[in-house]
Every structure is written in C-alpha cells, then in structure tokens.
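# Examining the three-dimensional arrangement
One-letter residues, chain by chain:
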Amino acid sequence: MQRYLCYFLCGFLILSAGVATAERTDEVVLLNGNSITGEVKGLQQGKLEFKTDNAGTIYIEWEFVIGLTASGVFDIENENGDHFYGSLSKAEESHWLMVIGPTGPVILNMDKVVTIAPIKQTFWNRIDGSLNIGASYTSADSILQYSFEGDATYRQRRYHARVTLSSIQTHQEDRDTTFRDDLDFTFTRYRKQRYFAAGTLSFNRSSELGIDLRTEIGWAYGRRFKQTNKSNLQAAAGLSISRDVPIGGEPTSVSLSAALLGRYHFFLYNYPKTDILVELSVLPGVTDWPRVRVNLNASIKREIITDFTVNFSISDAYDSVPPGGKESANHDLAVVLSLGWTF
C-alpha cells in the first residue's frame, strides 16, 4: 500500500511540475512589429486582456494589435452581432484574424471584432463589477450625506446577468432622514443580428417621491444599433408591472405600463481611461394613464490609478403622479461625486 502511495505521489508531483512549467503559447503581434507570448484571456470594450509569465496580466488596446494566435476555443463577435467559434490564428495580411472552427476557417477584419471570450472559463472569471463610495458633510447645516453603488455582471456566450445596488442617504439634525435606494436584477438574452430580450426585477425606495417600496417586473425586446470597440448604442421596448407601497399608506393596486428604453455607452482606454454611460427609460401608464414615469441616469468615470476611478453621476426619477400624493415631489434628483474600484 505504501508503495502505491509513493507511486501516486511521484506521479502527482511530475504532473504538477509539468503544469507549473508549461509555457504559454498564445502570441499577440503589435503595430510596431513586436510580439508578446502569453495567454489570451479575452477582448472586451476595446481592451485585449493578455496574461504573461514575466509581466503578469496586461491590457492592450485593440487598435494596436495587428495579429493574434491562440490555441484555445473562443467565442468571437463582430459589429454585426455575428458569432464565430474556434481557435485563433494570424491571417496572411495584418489586421485580419483567422478563426479556425468546426466548419473550417473564417477570415475576419480585426477592426470589426468587438469581443473575444474564452469558451472554457471559471465562474469567477466571468464576473465583472465595480464599487463606488461617496460622502460629504456640511458643518454649518449639520448635513451628512453618503452614497454607495455597486454592480456585478456575469457573462456567458449568449446571455448576461447583472445586479446593481445603489443607496443615497442624507441626515440632518431636527429633520427626517431622506433616502433613495435601488436594487435591480437584469437578465439579457442575445439573439442574432444584435437583437436581444431582457427581463428585469427591481425594488426601489424614495422619500422624495413618497415610496416606501416599489416592486417592479419588466420585459423588453430591443436591438444594439451601434456596437464598436469604443461605443455601444441600444434601444428596447416592452411592458412593466409595478406595485407601490406609499410611506405611511396602504399598498396601491398593480399597474401596467409600457416601457421605452435607451442606453448609450462610450469608453476610451487611452490614459486616463474614460467611461461615459447614459441610460433613459420612459414608462407611460396603461392602466393608470395619464401617469408617466421617467428615469434618467448619466455618469462619467475617469481612472486615477489602476482599477481605481473618480466618478460623477446625475440621476433623476420623475413621476407625474407620485405615490406619496401632493405632499411628495415629482422629481427625485441626485448628484453624486464618488471614488470607485473596478474588478
């Protein structure tokens, strides 16, 4: 028994040593003619994530890459929303990429490639997210305000799931605390030709609008009209079902609304990295017309050091008939300056 155990341990050590010393064989060729050997981890929003033995993980702007070779299996998406699967190889001409799949090789213009995702990834490697924290204090009025925002996205070949949480609290002596809290879950399923279907579940609170709790479920179908390595423009239309609990009041009846959604995302990865996002939703009432709700969120992030950002955001929630009645405002406007961390 001890002899077999020794054989097992020796074999395990040999295999471990082989894995530890295995060389990374993927290669990226840069615009200046230099080449780097490592492992392709993926392409997202104009950045090629590339893991090397000596320099760790580096991020290369896609426009400076003219050739790429990778032995793994990848999901490659172009600007038209077409997907290609296979390993990667350099084409005869620079700025072109050969995808070697089960049905044969396909040549793609690298300028038109927007995402490259390894098929075999761990659960945690598929998650991207960020955390933002802000605070301010005014001694003259004894006003303390703090904000928190976090999001996490799980990505797969055909879908992604996202959860976002934001909270803004304002405390002042001799006055009630004002608050605005939002928790949203979104599941998006991608279709051909850049079409997609999305389902949402959200929970919201707002002292300005007189909402103690709003529960809302929505569905929308839309299209990504523009998808490049620097920007993304999409719009969708659908339906939403909601139920409000006013502050100090009884729950309202379930209401049905139409949903018109738009989203524009612009990003630059030249230093300093810049990320601009604008989201707009318009929800005209169906069962409670002429009530109309509008939500606007706009933000800009600038990287100050690696993975740390300074963020400025403006958000406004409008309700033509707020649940809190005449004592509530129609707008809940928030302006936030915060520091953030991306992962």
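Thresholds applied
Residues numbered from 1 in each chain as written. Predicted model: local features only at pLDDT ≥ 70, side-chain atom pairs only at ≥ 80, totals over all residues. Heavy atoms only, no water. pLDDT = per-residue confidence, 0-100. Helix = DSSP H or I, 4+ residues; strand = E, 2+ residues; numbered from the N terminus. Contact = heavy atoms within 4.5 Å. Salt bridge = Lys/Arg side-chain N within 4 Å of Asp/Glu carboxyl O. Buried < 20%, exposed > 50% of the residue type's maximum accessible area, 1.4 Å probe, protein only. Polar contact = N/O pair within 3.5 Å; in protein donor to acceptor, adjacent residues only side chain to side chain. Pairing = 2+ DSSP bridges. Axes fitted to C-alpha atoms, helices over the stretch in contact; angles between N-to-C directions.

### Focus on the confidence of the model for the protein chain
For residues with low pLDDT, the predicted coordinates do not support detailed interpretation. Scored by pLDDT, the protein chain comes out at a mean of 86, with 90% of its residues at no less than 70. Mean pLDDT across the elements of the protein chain ranges from a minimum in helix α1 (residues 2-21), with 41, to a maximum in strand β14 (residues 195-206), with 96. Predicted confidence for residues 1-22 stays below pLDDT 50, and this span has zero contacts to residues more than four positions away or in other chains.

### Some thoughts on the pattern of salt bridges
Note that side chains of opposite charge can pair when their charged atoms are close. Applying the stated criterion to the full structure yields 16 salt bridges. Residue Glu27 pairs with Lys90 through a salt bridge whose shortest N-O separation is 3.7 Å. One end of the pair, Glu27, is in strand β1 (residues 26-30); the other, Lys90, is in strand β6 (residues 83-90), with 63 residues separating them in the sequence. A salt bridge links Arg205 to Asp181, with the nearest nitrogen and oxygen atoms 2.7 Å apart. Note that Arg205 is positioned in strand β14 and Asp181 in strand β13 (residues 178-190), a separation of 24 residues in sequence. On the basis of relative accessible area, Arg205 is assigned to the partly exposed category, the value being 29%. By sharing partners, the salt bridges in this structure join Arg214, Asp244, Asp288, Arg291 and Asp319 into a single network.

### Quick word on the environment of Leu43
Along the polypeptide, Leu43 turns up in strand β2 (residues 35-44). With 186 residues separating them along the chain, Leu43 and Asn229 place their C-alpha atoms 9.5 Å apart.

### Some words on the side chain of Ser167
The residue Ser167 is located in strand β12 (residues 159-172) in this model. At 3.4 Å, the side chain of Ser167 forms a polar contact with the side chain of Gln169. Side-chain polar atoms of Ser167 contact the side chain of Asp181, separated by 2.6 Å. Sequence-distant contacts of Ser167, that is, excluding residues within four places in its chain, are made with Tyr146, Ser147, Phe148, Arg180 and Asp181.

### Let's talk about the pairing of strand β18 (residues 274-284)
Where a strand is regular, its side chains alternate between the two sheet faces. Direction of pairing for strand β17 (residues 255-268) relative to β18: antiparallel, over a ladder of nine bridges. Note that in β18 the partner of Phe266 across the bridge is Ile276. Note: β18 against strand β19 (residues 292-305), eleven bridges, orientation antiparallel. Residue Val278 lies in a different strand from β19, and its bridge partner there is Ala298.

### Topic: the side chain of Asp332
In this structure, Asp332 sits in strand β21 (residues 331-342). Given the relative accessible area of 5%, Asp332 is considered buried. If sequence neighbours within four positions are ignored, Asp332 has contacts with Arg180, Ser206, Glu208, Leu209, Ser315, Asp316 and Ala317.

### So, the environment of Gln172
Residue placement: Gln172 occurs in strand β12. Each C-alpha atom, one on Gln172 and one on Tyr137, is 9.9 Å from the other, the two residues being 35 residues apart in sequence. Not counting the four nearest positions on each side in its chain, Gln172 is found in contact with Asp141, Ser142 and Ile143.

### A closer look at the sheet that holds β21
If you trace the twelve strands once around the closed barrel, you get β10-β11-β12-β13-β14-β15-β16-β17-β18-β19-β20-β21, paired in antiparallel fashion. Neighbour to neighbour, the strand axes of the sheet diverge by 20° on average, direction disregarded.

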